[in-house]
Amino acid sequence: KDFINDETVELMAPYLELDEFNAVVARNASRAAEGLCTWCRAMADYHEASKIVKPKLEALRVAEARLRDAERDLGRAEMRLRACQDVLAGLQADFDKQIATKRAIEENAANTKKRMEQATALISGLAGERERWNNDSEEFANIKTRLVGDVARACAFVAYCGPFNQDFRDYLVGVRLFADLRDRQIPMSHSLDLTSFLVDIGTIGDWNLEGLPTDPLSVQNGILVTRSSRYPLLIDPQGQAINWICNHEEQRMPSFGTTSFNQPRFREHLEYCMAEGKACIVTGVEEELDPMITSVLEKQVVVKAKAKYISISGKMCDFVDDFMLYMCTRLANPHFSPEDQSKCTIVDFTVTQKGLEEQLLGRVIQKEQRSLEEMLKNVLEDVTGNTKALIQLDQLLLERLSENTGNLLDDEELIVVLADTKSKATDVKEKLNAAADMRKNINEKREQYRPVATRGSVLYFSIVDMSNVNCMYQTSLDQFQMQFDKSMDIAEKASLPSKRVTNIIESMTYVVYRYINRGLYERDKTSFKLIILFKLLLTAGKLDPKCVSLFLRGGGALNINQVPSKTVSWASNEAWLNVHQLAITMPQFSTLAEDLERSENAWSGWYNENEPEKSPLPGMESQIANEEEIIGNFNRLLVVRCLREDRTLLAVNDFIRKADFIEVNGAKQPVMGVRYVEPVADTADSLLKEMDYYTPIIFLLSAGADPTDSIETLARRKRRGVECVSMGEGQDVVAQRAITQATSVGSWVLLQNCHLGLDFMVTLEDLLVKLKSPDSGCSVDFRLFLTTDPHPQFPIGLLQMSTKVTNEPPKGLKAGLQRSYTVIIDQDRIDRIETPTWRVLLFALCFTHSVVQERRKFGPLGWCVPYEFNDGDLNATITFLEKHLEHTTLSWSTLQYMVGEVQYGGRITDDLDRRLFVAYTEAWLSPVTLTPNFSFNPENPLSRMPNNFTYKISDYQEIDDYFSYIQKFPEADPPEVLGLHPNADLTFRFKEVNQLLDTILETQPKQSGAVSGGKTREEVVLAKCDELMGIIPADYIEDQYEEAIAGMGGYEVPLNIFLFQEVQRLQMAIEKVRNTLVVVMQAIKGEVVVTSEIMDSINAVFDARVPKLWLYSPAGDELSWLAPNLGIWYGSLLMRDEQYRGWLKSGRPHSFWITGFFNPQGFMTAVQQEITRAHKHENWALDSVVLHAEVTDIDSADAVRAPPKEGVYVNGLYMDGAAWSSKENSITESMPKKLFAALPIMLVSAVTKATKKSMTGDYGPYGGYDCPVYKYPVRTDKYLIFIAHLPSRDRRPLHWILRGVALLCTTN
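A few points on the structure. (Residues numbered from 1 in each chain as written. Predicted model: local features only at pLDDT ≥ 70, side-chain atom pairs only at ≥ 80, totals over all residues. Heavy atoms only, no water.)

## A word on the overall build of the chain
- When helices and strands are tallied, the chain shows 48 helices and 28 strands.
- Taken over the C-alpha trace, the chain has a radius of gyration of 47 Å; the compact-globule value for 1308 residues is 34 Å, which it surpasses by more than 25%.
- The C-alpha extent of the chain, read off along each of the three principal axes, is 155 × 115 × 70 Å.
- Counting over 1308 residues, the chain shows a buried share of 48%.
- The contacts of the chain with a sequence gap of at least 6 include a subset with a gap of at least 24, amounting to 73%.
- Counting every atom, the chain has about 65200 Å² of accessible surface; 51% of that belongs to carbon and sulfur.
- Of the side-chain charges in the chain, 143 are positive and 180 negative, and the distance between the mean point of each set is 2 Å. (Helix = DSSP H or I, 4+ residues; strand = E, 2+ residues; numbered from the N terminus. Rg over C-alpha atoms; globule rule 2.2 N^0.38 Å. Buried < 20%, exposed > 50% of the residue type's maximum accessible area, 1.4 Å probe, protein only. Contact = heavy atoms within 4.5 Å. Areas by Shrake-Rupley, 256 points an atom, 1.4 Å probe, with all protein chains shown as cover. Lys, Arg positive; Asp, Glu negative; His and termini not counted. Charge placed at Lys NZ, Arg CZ, Asp CG, Glu CD.)

Here it is, written out as structure tokens:
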């Protein structure tokens, strides 16, 4: 295009001027023509434009060439200028250097003289620190090397050790972490003191002055609270942490004080504290944290510009770094979720026994030697202040030395500070030395009162242990300290400190016992006394923990098949196991088993004594006499517990009665004594004297007792109004209104059944706290009473601020009749019908009512189900009798039916219990009742009645005469009056003893530690698990046992189906046992995480109890079989395995051990099916067939030579409440002191119902007794196997019904 010239354009001009020469026209020809036309016109236009642009481009090129020449000349000129300037700068620099050198020489001359003077002063000032600093300098390299490991241990301590007690913290840091770092070859200090590593002594002194206890655990807790990066969650059942925190954060506490998650304005409180940098203290935390504070706990801080925010429930709230959050719970053993635990630092502030001892010592001195305690307090304050001053002076000096960047000799102020520091340090050291001497003298005087503090600490922790027995047994440290102070007030004065200490200990022990005792149920009172006594003896070093463990567990961990065979026939298997465990544990009884055999006659006589606990031990009295009295008494108690367990409770009371004094460090200290076993009672007046307007009384209810009447009577005598509110749905408003009104006018309020209004109880706790305030306006005459059943959700705070009193119905026939003739029957009721029949039957009904209530104490022997017969049942029955006698003649059948089937029978759910009650009505509500010689005494008593008393019905017209007659009743009623065998008293005593031992066992510590023979708890469990793993049966292989069953006829045979099911169940049990043992051993070795189930299993194995995992499935169904201890359960496992393997290998046994069946009811059904099929030709149907049982004359399974022609032989049955006479082939009375009688082999077959009715077998003149057969001593329909009709030749069946006779598959 650049080569087109004018000539070419001129040639094209004619064409370009044509109108038709355009792109539109050309397109009609072709697209190529269109493009060519467009290009031609464009080239013509380009040519015309280039004629204008080309001359200008030429001019541009010429101008640019001239510019380049000018710039080249300019560069040469600038280079010449720079060379001149450089020469000038060099000359100036040389000049300045020479001047500076001159000045430096002049200044150096002046400074050298000055430094010489300062150096002299510095050397003189630091001369005293030279040696220490030289040593520190040499040690610094080692410290620096070990710092990594030490910091790692300190970090692990702060991060992980908060929830644990002192021993486990020491174990984690000093053993586990030390070993781990050593294995990793990380340098560290061998004896690291974490306390001094993480905090200085001055800070600890400040904490102590603020209320933090001085024991090591509390100091560690202070470190955890102040050093952790997460907000602390404090486990504070005694309230010590909250007291310290409130004092520690006093300057940063908000005006509203503490808050709680239940506080309606909690969010506002939290926002205020966050925005102002205050300390937010949240009290009353339960086991769940409010989700609203999750973002705060996780510190989800959002930074915008220079401000910080945290989102709370969607709202951005200001956040200041100085903000601090503390959370406190009163629960002693809370269970927080893992998520909550990871968000905060859990710190266990539960007071330790040693820590409480120090606090109580200060409390004693404050009361007994106030000036001494004030002097000690002043000394401690001086020591803390002087120690902090010394540390600050040292830090100031080191700070000045380290911050000095130049020559030390140039710092004139440092020389002045050094001289001042040295002068003050010398003065402070002198004061510290003087304070140390004074503190030593004060402590020597204080130690005289330490036994009081030690006793108080033991008592308090005994009280704490009782909270593990019942959730309502909660006592605060403040309540205890009030009793502690009270005991010092009432203790007899003495001039000698030692005598005064003895007096205080004696009064304190009894005052605290009485205060706690009235709030315990009767079944737990002896346990509490024994817990105190054991703790006192353990603390004094008189007993070893293994002795207490032996008393509680006996031989429960041993297996009867793995100990030497029993050599004395009169001892039970349990007693024989106890003897061997006693011989293993106690060296002085190592030959007891041999002694029993050598002196069998003497020991047998002792065993059969009515009061063996008071009889001399054969061949052991001289040994016991040589021991300290209380130790000898304890050893006697052990022997009684092992051989005559039924007398243990009586022996315990005797042990407590004789425990007057113990010798500790050469001084005698009172322990317990006679008054601790005497019955005591608190009157309503005495309780009222201890009340005030902000301390309510909580009555813990029990069946058949209600304190309402006594409270209303007391109110009338005191001329006070009392408003009763029965709690329940919608009653919160009524209760609140009643309390509000009563606080203003000074009346009383009774809130009944508070367990039905737990939400209001939380509100009530806060209300009572407000009433305590002086400006609450509450009348000082206001009193609040509460009644409640035990409930795990009852507020702990309310329990800990209340006085607790149990309210139980009276025990015994005498007390029961007195109550009936006081509460239900009055003179007016006696006079309503003026006939002897009315008065006699009235007394008979009251007596029957007392009997059926008293019978409950015998457990399943008394009633299969413990019914709560109460005054309402008796009142309704008396009302019916009154109306019946008024309107018609007496109908005995009607009276018996209404009493046995309707009034009382309406409560009864078990058919055999109904049969029992009907038997009472037949015996005592019949025409013979109206005869003059009628009495409730048995016709032929087996034992003598107390004082030969006759329980008869006397016809009196005045109620006072009835009271006089009732007062003559014996204090202890013989079981025969209730229709039971005298041995039933042994059953009751066994029940009480087992309850006592189980109660104390629940209070035993579960943490690790040496317990027996130097072994730790975990080592004992590990050894036991290893032992059990060695004898566990092999697994059942399904193919193998199915093949064996097929060889016995296959699954067409009902008993083969039963065997298949039983083997499957046993295999499940074996697998569960093996898996549990393996996991427990792995958990102890640290190979798996310890879950709550594993922990329960560890505790069970240690306590010789059966792990729950072996007994029940996760759904709560029975997985295996019930047993009282581990040894019996595991022995049963081996025996069951032996029976099933013998059955599979050799065919059906000649006699079946029925105790070893999971489903004995299924076994009986299978027997019925087989017999029904055998009589198929006779048209027998399963629905028309019933079981038939006959007791044979074969004594043992080994004597059975062949199976029966029809039916099965079963063995392993025991008769409870009676015995079997093979000679007479009849039920007979039990032998004395023999609770269970082994039954000979029983033949169980089946007959048709018609045949059963027509059978007139030799059952005696009165007909047979329908004897229930139970799987366990727990007599419920769930464990009822079948009913066996047994002969009764000497007694009517009604006699055995009242005896509660039954057959049991196991006596345990």
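## Points about the nonpolar core
- Membership of the largest hydrophobic core comes to 134 residues, with the highest contact counts inside it found for Phe847 and Met1242.
- Examining the composition of this core, we find that 13 residues originate from one element, helix H42 (residues 1054-1084), more than from any other.
- Counting residues in hydrophobic clusters, the runner-up holds 118 residues, among them Ile365, Leu477, Ile505 and Val639. (Core = buried A, V, L, I, M, F, W, Y, C linked by side-chain atoms within 4.5 Å.)

## Quick notes on the packing of helix H20 (residues 545-553) against helix H39 (residues 984-1003)
- Across the interface, H20 lies against H39 with an axial gap of 9 Å and an inter-helix angle of 140°. Taken together, the axis directions place H20 and H39 in an arrangement best described as oblique. Every residue of H39 that contacts H20 at Phe551, Leu552 and Arg553 is listed here: Leu997, Ile1000 and Leu1001. (Axes fitted to C-alpha atoms, helices over the stretch in contact; angles between N-to-C directions. Parallel < 35°, antiparallel > 145°, perpendicular 65-115°, else oblique.)

## Structural notes on the side chain of Ser189
- Its place among the elements puts Ser189 in the loop between helix H5 (166-183) and helix H6 (194-198).
- Within polar-contact distance, the side chain of Ser189 engages the side chain of Arg146 at 3.0 Å.
- Within the structure, Ser189 has its side chain in polar contact with the side chain of Asp150 (distance 2.7 Å).
- Excluding residues that lie within four positions of it along the chain, Ser189 makes contacts with Arg146, Asp150, Arg153 and Phe178. (Polar contact = N/O pair within 3.5 Å; in protein donor to acceptor, adjacent residues only side chain to side chain.)

## Examining the pattern of salt bridges
- All chains considered together, the criterion is met by 50 salt bridges.
- Here Asp685 makes a salt bridge to Arg717, at a shortest N to O gap of 3.3 Å. A residue pair is termed long-range when its members are at least 10 positions apart, and Asp685 in helix H27 (residues 684-689) and Arg717 in helix H28 (residues 708-717) qualify at 32 residues.
- The class of Asp685 is partly exposed, set by a relative accessible area of 26%.
- For Arg717, a relative accessible area of 49% corresponds to the partly exposed category.
- For the salt bridge of Arg1141 with Asp1137, the shortest nitrogen-to-oxygen distance reads 2.7 Å. (Salt bridge = Lys/Arg side-chain N within 4 Å of Asp/Glu carboxyl O.)

## Examining the pairing of strand S12 (residues 722-726)
- Bridging between S12 and strand S13 (residues 748-752) involves five bridges; their strand directions are parallel. Along S13, the bridge assignment pairs Val725 with Leu751.
- A crossover links S12 with its parallel partner S13, the connecting element being helix H29 (residues 732-745), and its sense is right-handed. (Pairing = 2+ DSSP bridges. Right-handed = clockwise from strand over helix to strand, strands pointing away.)

## Concerning the packing of H42 against helix H45 (residues 1126-1146)
- Remark: H42 packs on H45, axes separated minimally by 11 Å, with the N-to-C direction vectors making an angle of 140°. As far as their axial angle goes, H45 and H42 are oblique. Considering how the two elements wind past one another, H42 and H45 form a crossing that is left-handed. Listed contacts from H45 to Leu1055, Phe1058, Leu1059, Glu1062, Val1063, Leu1066, Ile1070, Val1073 and Leu1077 of H42 are Trp1129, Tyr1130, Leu1133, Arg1136, Asp1137, Tyr1140, Trp1143 and Leu1144. (Left-handed = near helix turned anticlockwise from the far one by under 90°.)

## Considerations on the environment of Gln903
- Relative to the elements of secondary structure, Gln903 occurs in helix H36 (residues 892-903).
- Each C-alpha atom of the pair Gln903 and Phe880 lies 9.1 Å from the other, and the pair is 23 residues apart in sequence.
- Residue contacts for Gln903: discarding those within four places in its chain leaves Asp873, Ala876, Thr877, Phe880 and Met898.

## Topic: the sheet that holds strand S5 (residues 307-312)
- Strand order across the open sheet formed by three strands is S4-S5-S6, with antiparallel pairing between neighbours. Each edge of the open sheet is held by one strand with a lone partner, namely strand S4 (301-304) and strand S6 (315-318). Pairwise comparison of adjacent strand axes, ignoring direction, gives a mean angle of 40° for this sheet.
- Where helix H10 (residues 266-276) meets the sheet, its contacts fall on S5 and S6, and the angle it forms with S6 comes to roughly 45°.

## Describing unusual backbone geometry
- Here Gln185, not a glycine, exhibits a phi torsion of approximately 60°, which is positive.
- Inspection of the secondary structure puts Gln185 in the loop between H5 and H6.
- Phi at Ala305 is positive, roughly 55°, even though this residue is not glycine.

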